[in-house]
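Each chain is listed here by its residues.
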Amino acid sequence: MSETNSGNLQQERKSGMNCPQCGAFIEISMFQLIMTNALVCPACRLRLNIDRGRSQRAIAALRKLQAAQDNLESTTKSDGSQRPGMGK
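Being a predicted model, the structure only gives us computed values, none of them experimental. (Residues numbered from 1 in each chain as written. Predicted model: local features only at pLDDT ≥ 70, side-chain atom pairs only at ≥ 80, totals over all residues. Heavy atoms only, no water.)

A. The overall build of the protein, seen in detail. Within the protein one finds three helices and four strands. Secondary structure elements in the protein, listed N-terminal to C-terminal, are α-β-β-α-β-β-α. Within the protein, the proportion of its 88 residues that are buried is 14%. Intrachain contacts of the protein at a sequence separation of at least 6 include 25% that bridge at least 24 residues. (Helix = DSSP H or I, 4+ residues; strand = E, 2+ residues; numbered from the N terminus. Buried < 20%, exposed > 50% of the residue type's maximum accessible area, 1.4 Å probe, protein only. Contact = heavy atoms within 4.5 Å.)

B. Layout of the environment of Leu33. Structurally, the position occupied by Leu33 is in helix H2 (residues 30-35). With 30 residues separating them along the chain, Leu33 and Arg63 place their C-alpha atoms 9.4 Å apart. For Leu33, the contacting residues outside a window of four places in its chain are Ile28, Ile50, Arg52, Ile59 and Leu62.

C. Looking closely at the side chain of Thr76. Position of Thr76 relative to the elements: it lies in helix H3 (residues 56-79). Side-chain polar atoms of Thr76 contact the backbone oxygen of Leu72, separated by 2.7 Å. (Polar contact = N/O pair within 3.5 Å; in protein donor to acceptor, adjacent residues only side chain to side chain.)

D. Representation of unusual backbone geometry. The backbone of Arg45 sits at a positive phi, close to 70°, despite the residue not being glycine. Following the sequence through the fold, Arg45 ends up in the loop between strand S3 (38-40) and strand S4 (47-49).

E. Main features of the confidence of the model for the protein. The predicted model of the protein averages 82 in pLDDT, with 75% of residues at 70 or higher. Low pLDDT (under 50) marks residues 1-10, which in the prediction has three contacts with non-local residues, meaning those over four places away or in another chain. (pLDDT = per-residue confidence, 0-100.)

F. Broad picture of the nonpolar core. Ranked by size, the top nonpolar core spans seven residues in total: Cys19, Ile26, Ile28, Leu39, Cys41, Leu48 and Ile50. Ignoring sequence-local partners within four residues, the contact set of Ile26 consists of Ser15, Gly16, Met17, Cys19, Val40, Cys41, Pro42 and Leu48. (Core = buried A, V, L, I, M, F, W, Y, C linked by side-chain atoms within 4.5 Å.)

G. Here's a closer look at the environment of Phe31. Tracing the chain through its elements places Phe31 in helix H2. In sequence terms Phe31 and Arg63 are 32 residues apart; their C-alpha atoms lie 8.5 Å from each other.

H. Main features of the environment of Leu62. Relative to the elements of secondary structure, Leu62 occurs in helix H3. When the C-alpha atoms of Leu62 and Ile34 are compared, they prove to be 6.8 Å apart, with 28 residues separating the residues in sequence. The contact partners of Leu62, leaving out residues within four places of it in the chain, are Met30, Leu33 and Ile34.

Below, the structure written as structure tokens:
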């Protein structure tokens with residue numbers, strides 16, 4: 001498999017986890033982890049609460065990562081260049 005194809009496969013892979021109760025995939029975005037108090041399995045409706053008090057350091061790190069990603073995307077859009085692995 002070429003390096004470009006490998007990069008495209010990784011971009012298509014969704015972030016998330018398997019439900020501990022039924023095993024279904026729960027797709028989770030960085031935004032959800034930063035902003036919500038719980039995740040819900042789409043298959044069995046199990047509710048997974050996020051302990052925001054104990055997760056403060058991790059959530060702060062995710063906020064910094066999200067801000068850096070947003071900055072990169074806005075910079076890329078404003079100068080017309082493409083990120084490596086994107087486009088043709």
